[in-house]
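Listed below, chain by chain, are the residues.
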Amino acid sequence: MKEIFENIGKVKYEGASSKNPLAFKFYDADRVVLGKKMSEHLPFAMAWWHNLGAAGTDMFGRDTADKSFGAVKGTMEHAKAKVDAGFEFMQKLGVNYFCFHDVDLVPEADDIKETNRRLDEISDYILEKMNKTGIKCLWGTANMFSNPRFMNGAGSTNSADVYCFAAAQIKKALDLTVKFGGKGYVFWGGREGYETLLNTDVKFEQENIARLMKMAVEYGRSIGFKGDFYIEPKPKEPMKHQYDFDAATAIGFLRQYGLDKDFKLNIEANHATLAGHTFEHDLRISAINGMLGSIDANQGDYLLGWDTDEFPFDVYTSTMCMLEVIRAGGLTGGFNFDAKCRRPSYTFEDMFESYILGMDTFALGLINAEKIIKDGRIDAFVKDKYSSFESGIGKKIVDGKTSLAELAKIADEMGAPALPGSGKQEHLEAIVNQILFG
Ligand code: XLS
Ligand code: NI
Ligand code: NI
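Each chain carries its own residue numbering, running from 1 in the direction its sequence is written. For this description, chains carry letters from A and ligands carry numbers from 1, given in the order in which they are written. Where totals are concerned, whole chains, interfaces and linings use all residues; where local detail is concerned, this predicted model gives features only for residues with pLDDT of at least 70, and gives and counts side-chain atom pairs only at 80 or more. Hydrogens are left out, water is left out, and the side-chain values use all remaining heavy atoms of the structure.

Engineer: For this particular structure, what's the right way to read the pattern of salt bridges?
Structural biologist: Should a side-chain nitrogen of Lys or Arg be within 4 Å of a carboxyl oxygen of Asp or Glu, the pair is scored as a salt bridge. Considering all chains together, one arrives at 30 salt bridges under this definition. In this structure, E108 engages R149 in a salt bridge whose closest nitrogen and oxygen atoms are separated by 3.3 Å. Note that E108 is positioned in the loop between helix 4 (102-105) and helix 5 (112-133) and R149 in the loop between strand 7 (136-141) and helix 6 (160-179), a separation of 41 residues in sequence. One network of salt bridges, in which partners are shared, links K80, E114, R117, R118 and E121. Numbering of helices and strands runs from the N terminus, with a helix taken as a DSSP run of H or I at least four residues long and a strand as a DSSP run of E at least two residues long.

Engineer: Help me understand helix 16 (residues 425-437), please; the structure alone is not making it clear to me.
Structural biologist: Three- or four-residue spacings in an α-helix give side chains the same orientation, since the helix completes a turn every 3.6 residues. Taking 1.5 Å of rise per residue, 13 residues should cover 18 Å, and helix 16 covers 18 Å from first to last C-alpha, within 8% of that figure. Buried, partly exposed and exposed residues are distinguished by accessible area as a fraction of the type maximum, computed with a 1.4 Å probe on protein chains only: under 20%, between the cut-offs, and over 50%, respectively. For helix 16, the complete set of buried residues consists of L428, I431, V432, I435 and L436. For helix 16, the buried positions fall inside an angular range of 130° around the axis, keeping them on one side. For helix 16, the exposed residues lying more than 90 degrees away from the buried face are E426 and F437. Expected helix span is computed as 1.5 Å times (number of residues minus one). As used here, the arc is the angular range of directions from the helix axis to the C-beta atoms.

Engineer: Could you clarify how one ought to interpret the coordination of the nickel ion (ligand 3) in this entry?
Structural biologist: Octahedral metal centres with six donors ideally show angles of 90 or 180 degrees, and tetrahedral centres with four donors ideally show 109.5 degrees. Nitrogen, oxygen and sulfur within 2.8 Å of a metal are treated as its donors, or within 3.2 Å for sodium, potassium and calcium (Na, K, Ca); water is not counted, so a site can appear incomplete. Looking at the metal site, the nickel ion (ligand 3) is ligated by E268 (OE), H271 (NE2) and D307 (OD), spaced 2.1 to 2.2 Å from it. Mapping the donors of the nickel ion (ligand 3) onto the primary sequence yields the spacing E-x2-H-x35-D. The distance between the nickel ion (ligand 3) and the nickel ion (ligand 2) comes to 3.7 Å, and E268 binds to both of them. Classification of E268 by relative accessible area gives buried; the value is 1%.

Engineer: Just to check I follow, could you spell out the layout of surface pockets for this structure?
Structural biologist: In this approach a probe as big as a water molecule rolls over the atoms, and the regions it shows empty are the leftover space. Cavities and pockets are defined on a 1 Å grid built over the protein atoms alone: a cavity is a set of grid points where a 1.4 Å probe fits but cannot escape, while a pocket is an open set with protein on both sides within 12 Å along at least five of seven lines, and lining residues are those with an atom within 4 Å of any such point. Grid points are joined across faces, edges and corners, and a volume is the space filled by probe spheres set on the points. Taken as a whole, the second largest pocket spans an internal volume of roughly 780 Å³. Around the second largest pocket sit 22 residues that line it, and R284, M320, L323, R327 and I378 are the ones nearest its centre. Broken down by secondary-structure element, the contributors of at least two residues to the lining of the second largest pocket are helix 10 (279-288), helix 11 (315-327), helix 13 (377-385) and helix 16. Residues are grouped as follows: nonpolar covers Ala, Val, Leu, Ile, Met, Phe, Trp, Tyr, Cys and Pro; charged covers Asp, Glu, Lys and Arg; every other residue, Gly included, is treated as polar. Along the lines of polarity and charge, the residues of the lining of the second largest pocket split into 10 nonpolar, five polar and seven charged.

Engineer: In this structure, what is going on with the site of ligand 1? I would like to understand it.
Structural biologist: The criterion for a residue being near a molecule or strand is simple. One of its heavy atoms has to lie within 4 Å of it. Every residue lining ligand 1 is accounted for by W49, H101, W139, F145, W188, E232, K234, E268, H271, D296, D307 and D338. Take D296: an N or O atom from its side chain is 3.0 Å from an oxygen atom of ligand 1. Here a polar contact means two N or O atoms within 3.5 Å. Within protein one must be a hydrogen donor candidate and the other an acceptor candidate, and residues neighboring in sequence count only if both atoms are side-chain atoms. In this structure, an oxygen atom belonging to ligand 1 sits 2.8 Å away from a side-chain N or O atom of D307. Residue burial considers only the protein chains on display, and all accessible areas are found by Shrake-Rupley using a 1.4 Å probe. Protein coverage of the free-state accessible area of ligand 1, which is 290 Å², stands at 94%. Considered class by class, the residues forming the shell around ligand 1 number four nonpolar, two polar and six charged.

In structure tokens form, the structure reads like this:
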């Protein structure tokens, strides 16, 4: 078969001093870090929609990149060309997983029966490629935000007919996820939110979303889906206010409706920052609640208030991310590059170099996280910071063996307590720099 990226060969690890733009400088799949291969720490995934679909259109201008891959767009021939391109791309980069929406795979027809027929056809073709290459599916999802029918939401819609349509799409996307042996199934609630309370029954909408998720779990389990369902929190965009605002909000929602046993979270870096958090904050909140499932690896721009979906470049952030992931004992999912090349980066080389950048950035994050953990000073500081709770009255508090009255009596006899000790933020930041660049 003729190659699509014919001028680009297999991308290899050449080390930090290499000047070859189409080689890894830091991602060395077989290198062992903290007892595991880099490729096991970092199960990378290709996002079908950005890599094979997005071609640079924005609100002010049309496509800059040609993603026809030699076929006429909007045809099944094009859908197949995307599969060919995607698998060649993943193989050349050593990316072992992909993520998809239903309508990333085929052009959507007006009648869902026809869309589903197309999905059956393309998924057979994808499955063949998966079997040939060993490439796997990380997660699937249904696009319940692009089509005008979802203007008022999917699970949160006011229309019972649209709700049925959402259910049908989820059912099919779950079928496909199971057919591909996917590890997860994602709910990203782009239209699940509101613009004004003047026209919105928030309680009803949230209950209906939960009902849809419950039915999805029931159906998924009935067809043998053993993986995790994920909510991917995002505070806004496209809606002004989205219900899955951030990790903490999504966890509260899942617990309220008894969905927490089947669901974990898919944390996207750019969504966390849109919520006014750091990426590592939402990872930590997920992890301490046992809900860190998967990651959408991208990065935002602090000067812009939207989801710019840039390829990760910020090594401090990837370092903090990998510290959280390692401390949590790894992910059940993986690292999906929910990211796109900048609009003027329109060539095939740009597609490859973007993934190389992202993979190298996370490899550096992993290498740095190992160094910080082995150095031990940061962990030791945090442990020592709370040491007053290891004995005496502190221990009684932790063991639940005291009362407000007893604590008040101690305070009465104390006079003023000593200051709690320096937080030493600058000292710790200097340690991080020393470890990273020393
Ligand atoms: C959009 C989301 C979306 C999900 C999948 O902001 O990140 O791409 O990951 O629907
Ligand atoms: Ni995402
Ligand atoms: Ni996003």
